[in-house]
Amino acid sequence: MPSASSRPTVRPVVFVDGVRTPFGRARPDGLYAHTRADDLAVRTVRELLRRHPQLPPERVDEVAIAATTQSGDQGLTLGRTVGVLAGLPRSVPGFAIDRMCAGAMTAVTTTAGAIGFGAQDVALAGGVEHMGRHPMGLDADPNPRFASERLVGADALAMGRTAENLHDRYPALTRERADAYGVTSQARFAAALAAGRITADLVPVATRDPERGWGLATADEPPRPGTTLDAVRGLPTPFRAGGRVTAATSAPLTDGAASCLLAAEDTAEELGLAPRMRMVTFAYAGVDPAVMGLGPVPATRKALDRAGLTIDDIGLLEVNEAFAVQVLAFLDDLGIADDDPRVNPDGGAIAVGHPLASSGVRLMTQLARHFAARPDVRYGLTTMCVGLGQGGTVIWENPHHRDYDGLAPATSATPTTAQEQQR
């Protein structure tokens, strides 16, 4: 049995940078209708390497790239193929990962765990989803036992219906609240774009169309600025006749990729890589698949408990907007107002889109940008629901905060009173 002195200690893990492609609508005439999914992921990895020339490519220890539908140009062990295509040395390994919507989030937490354990120093993690070419569930063959043994209801395999189920279960989650939330998401994203807070996260992508020729994707395609409550009140409810979930309260089907650079804090210091966030802890939790949108609630409570924090200590929250009702259920459970300025201050997936496995890194990249502008905020979190009844949450610390403690272990976030440490 190893002695206590030989047991590994947890090393602080930092988020150095994150980028994403502009997001495109998943349809035959969308931005990326004729662009390969793996090429989108390659573009993000190359951009991270370009932005950080002080990082020797051979120092990258792992490439983890997620996709929900791992077939065709989203198959063949994406982390490895993307690393090779991006020009990393052949000595750099890679792997693919799937936790549906939380794919990129899981790529981050998995590689962060390896860094914290001391098995790696630097990793690239992200995700890609070309939903126009690979719709969710394409070629899936659910085990008939799910239905025959009533393990999972039919609604669990249709995300829009799980959103309708949330409306059913919680009468306070009205269509009117969901409509208002969706309109607010569009307005906040439009304001952030006009203020120049979005473009820095984007890496342009060369596109080719057989009819239109070559182009350059530089902006997100899904947003609908100027959306009003009057315009959305009469929209149909495609998931259920007489339902409450509409296109205005759902994230659109989207193509896109996002990747980030993670490192041990001491390695980042050695290489001159400035940390934008430090990981405090993370948690995943399961819920009834029929109401999969509740997943962020137990995941967040578990993560807060592990960190010794309360929701009052979290100054910024990036909550994935798969559906407005899912966000509202999370806010109600944690006692947060619908219009709380801490939540998705620059809008979310209802406006910008949700390319499934890539969205976790989009949330992280936005939170890192907020941290830089808000040194008064010490802690933030990224959270999302996951298909088939899961949720994931990562808590981050802001290195710009006055109480940030350099190379202190990530597990140091256990204040005597969390509110006292936030102050």
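Please read these numbers as outputs of a predicted model, since none were measured by experiment.

With that settled, the discussion passes to the UniProt feature "active site" (unreviewed entry) in the chain. Mapped onto this numbering, the UniProt entry gives "active site" (unreviewed entry) at C101, H354 and C385. A stretch of 285 residues holds the annotated residues, and the largest C-alpha distance among them is 11.9 Å, short enough that they meet in one place. Position of C101 relative to the elements: it lies in the loop between β4 (94–97) and α3 (103–117). When its relative accessible area of 6% is taken as the criterion, C101 is described as buried. When sequence neighbours within four positions are dropped, the list of residues in contact with C101 reads T68, H354, L356, A357, M384, C385, V386 and G387. Inspection of the secondary structure assignment puts H354 in the loop between α11 (349–352) and α12 (359–373). H354 sits in the buried class, given a relative accessible area of 6%. Other than its neighbours up to four places away in sequence, H354 contacts C101, M131, A251, P252, T254, N320, A322, A349, S359 and M384.

The next thing to look at is the packing of helix α9 (residues 296–307) against helix α10 (residues 324–334). Where α9 meets α10, the closest approach of the two axes is 9 Å, and the angle between their N-to-C directions is 45 degrees. By the angle class used here, α9 and α10 are oblique. The two elements α9 and α10 meet at a crossing, and its hand is right-handed. Along the contact surface, α9 presents P296, V297, T300 and R301, while α10 presents Q326, A329, F330, D333 and L334.

When you tally the buried positions in helix α5 (residues 159–169), you get 8 out of 11 residues, the bulk of the element. Looking only at α5, the buried set comprises M159, G160, T162, A163, E164, N165, L166 and H167. Among the structural elements, α6 (175–194) and α10 are those in contact with the buried residues of α5.

This part takes up the pairing of strand β5 (residues 122–130). A large share of β5 lies buried, amounting to 9 of its 9 residues. Here β5 shows two buried faces, one formed by V122, L124, G126, V128 and H130 and the other by A123, A125, G127 and E129. Here strand β3 (residues 62–66) runs beside β5; their pairing, made up of 5 bridges, is parallel. Among the inter-strand pairings, V63 is bridged to a residue of β5, identified as L124. Pairing analysis gives 9 bridges linking β5 to strand β8 (residues 254–264), with the strands arranged antiparallel. Note on β8: the bridge partner recorded for L124 is L261.

On to the pattern of salt bridges. Throughout the structure, instances matching the rule amount to 30 salt bridges. Linking R145 and E149 is a salt bridge whose minimum nitrogen-to-oxygen distance equals 2.7 Å. We classify R145 as partly exposed; its relative accessible area is 43%. Connected via shared salt-bridge partners are R43, E47, R50 and R51.

As a further point, take the UniProt feature "domain: Thiolase C-terminal" (unreviewed entry) in the chain. When the UniProt feature table is mapped onto this chain numbering, "domain: Thiolase C-terminal" (unreviewed entry) sits at residues 275–397. Strand forms 26% of residues 275–397 and helix 34%; the C-alpha atoms that close the span are 10 Å apart.

Before going further, it helps to examine α6. The first and last C-alpha atoms of α6 sit 29 Å apart over 20 residues, in line with the 28 Å expected at 1.5 Å per residue. Buried within α6 are the following residues: R175, R177, A178, D179, Y181, G182, V183, S185, Q186, F189 and A192. Residues of α6 that are buried in the fold lie against β1 (13–20), α5, α7 (229–232), α10 and α11. Looking one or two residues past α6, G196 carries a phi angle of roughly 80 degrees, positive in sign.

As a further point, take the confidence of the model for the chain. Per-residue confidence for the chain gives a mean pLDDT of 93; residues scoring 70 or more make up 94%. For residues 410–423, every residue scores under 50 in pLDDT, and the model assigns this stretch 33 contacts once sequence neighbours within four places are set aside.

What counts, and where the lines are drawn
Here the residue numbers are simple positions, counted from 1 along each chain's written sequence. Per-residue local features of the predicted model are confined to residues with pLDDT of at least 70, and side-chain atom pairs are confined, for both listing and counting, to 80 or more; whole-chain, interface and lining totals are unaffected and use all residues. Based on all heavy atoms of the structure, the side-chain values leave hydrogens and waters out of the count. UniProt positions are given in the numbering used here, feature names are shortened, and annotations may be inferred rather than shown by experiment. For the purposes of this entry, the term helix denotes a DSSP run of H or I that reaches at least four residues, the term strand denotes a run of E that reaches at least two, and both are numbered from the N terminus. For the exposure calls, accessible area comes from a 1.4 Å probe over protein chains only, and a residue counts as buried if that area is under 20% of its type's maximum, exposed if over 50%, partly exposed in between. Whether two residues touch is decided by their heavy atoms; if any such pair falls within 4.5 Å, the residues are in contact. Angles shown run from 0 to 180 degrees and are taken between the N-to-C directions of axes, each axis being a line fitted to C-alpha atoms and, for helices, limited to the stretch in contact. With respect to orientation, any angle under 35 degrees is reported as roughly parallel, any angle over 145 as roughly antiparallel, any angle of 65 to 115 as roughly perpendicular, and every other angle as oblique. Helix crossings fall into two classes, left-handed where the near helix is turned counterclockwise from the far one by less than a right angle and right-handed where it is turned clockwise. Each pair of strands is called paired provided DSSP finds at least two bridges between the two strands. The term salt bridge refers to a side-chain nitrogen of Lys or Arg lying within 4 Å of a carboxyl oxygen of Asp or Glu. Multiply 1.5 Å by the residue count of a helix minus one, and that product is the helix's expected span. Each residue carries a pLDDT score, the predictor's own confidence in it, on a scale running from 0 to 100.

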